[in-house]
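Structure at a glance
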Amino acid sequence: LALYNVTGLVGFHGYDLYRFGKEHIGPKPVLGNEQTDQAKAWFDQHQQVLNTNNDLRGKFKGSNVMVIQGEAFMNFFIGQQIGGEDITPNFNKLMEESMYFSNFYHQTGQGRTSDADFSAHSSLHPLPTGSVFIRYPGNTFDMLPSILKNEGYSPNVFHAYDSSFWNRYSMYKAMHYDRFYSKKDFVIDEPLGWSLGDKSMFRQSLEALTTDVKSPFYAFMITLSSHHPYTLTAKENVLDVGELKGTMLGDYLQSVHYVDAALGELVEQMKQDGLWDNTILMFYGDHDNSITDQKLYEQFTGRTMTALDMQQIMNQVPLLVHVPGGSLRGVDTQPAGQLDLTPSILHLLGISPEPYHFMGNNLFGDAERMVVLRSGAFTDGKVYYIPSADQSFENGTCYDLASRTPTDVQACGPGFQEAKKRLQISDEVITYNLLQLWENKEHLVDPKSTKPTEASTTN
Ligand code: GP9
Ligand code: MN
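Residues numbered from 1 in each chain as written. Chains lettered and ligands numbered in written order. Predicted model: local features only at pLDDT ≥ 70, side-chain atom pairs only at ≥ 80, totals over all residues. Heavy atoms only, no water.

Bringing the pairing of strand S17 (residues 383–386) into the picture now. Residues Val383 and Tyr385 of S17 are buried on one face, and the alternating residues Tyr384 and Ile386, pointing to the opposite face, are buried as well. The turn linking strand S16 (residues 378–379) back onto S17 is made up of three residues, and Gly381 within it adopts a positive phi angle of 95°. When S17 meets strand S18 (residues 397–400), the two strands line up antiparallel, connected through four bridges. For Val383, the partnering residue across the bridge sits in S18 and is Asp400. (Buried < 20%, exposed > 50% of the residue type's maximum accessible area, 1.4 Å probe, protein only. Helix = DSSP H or I, 4+ residues; strand = E, 2+ residues; numbered from the N terminus. Pairing = 2+ DSSP bridges.)

This part is about the pattern of salt bridges. Applying the stated criterion to the full structure yields 14 salt bridges. Within this structure, Arg179, Lys184, Asp185 and Asp212 form a network of salt bridges that share partners. (Salt bridge = Lys/Arg side-chain N within 4 Å of Asp/Glu carboxyl O.)

Next up on the list: the nonpolar core. Residues Phe101, Phe118, Tyr172, Phe220, Met282, Leu319 and Val321 are the most contacted members of the largest nonpolar core, which totals 61 residues. A total of five residues in this core trace back to one element, the largest contributor, which is helix H12 (residues 341–349). Contacts of Phe220, omitting those with residues within four sequence positions, involve Val67, Gln69, Asp117, His121, Asn156, Val157, Phe158, Tyr172, Tyr177 and Tyr284. Of all hydrophobic cores here, the second largest spans 57 residues; its members include Ile87, Leu206, Phe300 and Leu320. (Core = buried A, V, L, I, M, F, W, Y, C linked by side-chain atoms within 4.5 Å. Contact = heavy atoms within 4.5 Å.)

On to the sheet that holds strand S13 (residues 330–332), then. Strand order in this open sheet of eight strands is S7-S6-S10-S1-S11-S12-S4-S13, and the pairing throughout is mixed. Strands at the two margins of the open sheet, each flanked by one partner only, are strand S7 (179–181) and S13. Strand-to-strand twist of the sheet, defined as the mean angle between neighbouring strand axes without regard to direction, takes the value 15°. In this fold helix H4 (residues 112–122) packs onto strand S1 (64–70), strand S10 (217–222) and strand S11 (279–285), with an angle of close to 155° to the strand it touches most, S10. (Axes fitted to C-alpha atoms, helices over the stretch in contact; angles between N-to-C directions.)

This part is about the side chain of Ser146. Relative to the helices and strands, Ser146 is located in helix H6 (residues 144–150). Classification of Ser146 by relative accessible area gives buried; the value is 2%. Polar side-chain contacts of Ser146 include one of 3.2 Å to the side chain of His176. (Polar contact = N/O pair within 3.5 Å; in protein donor to acceptor, adjacent residues only side chain to side chain.)

All quantities given are derived from atomic positions and should not be read as evidence of function.
What follows is the structure, given as structure tokens:
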């Protein structure tokens, strides 16, 4: 984040491209057999967590799937009011007939929007530096659009911005999307912020979905109107933020209020288009808003913030899941995160996770959940570990979540080891292209392997 702010977008992407050159010239790096086998064993073991048989498994087989990734859409304002007015009236309404995950984390690093996209679709962690989209677009990953395409779905992605940004154009090809609707595919009839307003973006995306795209579809939409620095045109600033007026947090709340209104219009339009009752809809935020001034959050909540409060505010984003018929409802307070999206969607659709390598949780399974952030922070619902700047275990803080106060750091010891292991294995999979290695091996062992070959992309 720091690097990104200093160099600006172009500088940051430019640095990744420079590194791409260095990483992809010369002999390919190889990981030792022992480490490779350890990584493979971890994924095999993790299948037990993912592979649960219960009533929800396959309950929505064949449904369309629409996933919306909300720009800088955080959790702290969900269901809150300012000056007596609801900040997210449409989200609140939708919550009544949906499952809301109130303890859901973004797991992004420097690759920001692209990291959220990567983790949600691959169930792997993003890298400690840079963006996977830019550094390793040609490697093999088990990604949701490819998996669904193999199941007869048409995967499409909608984002009204330049197609080359975050190297999406190349990465989305590798993910086997049928089509990427980027800025040039939209009529800019509602200029707002960086590009097209989300209201129009949703409206035009639905138009494409109902006319161009065959069912069942997978639609991934990335919003943009609530992007930093959050200065929408006056017409859209309809939320009165009182004493926060003129602060960046005030501007931010106005922009997410607009996105909430866009979400409300999308749902209405889906009902009119006959999509509401045959589509699983998920909405989650990509990352925080880069506003780190604790005083502003204290002003907003009227409470003093602890380090744990701030950590959760900056890392929690909402996840909302609406299924056809609205039969899945309530609030899930157990930890969850972006890596959990793909295994959870496959569960609802009744697609086996078995051929794939996922690191996240199955949110509709029965296993206890652990969520690891890219920083090395983690939670299992009982403790929350915040790492220290020097990364040494003892210098980090282990919070007991029942009392929300620091406890003996040793209470976070086993979790710390597991978190470290997961991040390391994920990094190895990405940088050594392990999924391609394993795929090739499987083909050597069993040429009639049921593993779909289309999920692979070679470089
Ligand atoms: C632009 C958008 C912004 O296409 O995804 O990316 P971010 O700056 O949030 O990473
Ligand atoms: Mn973003």
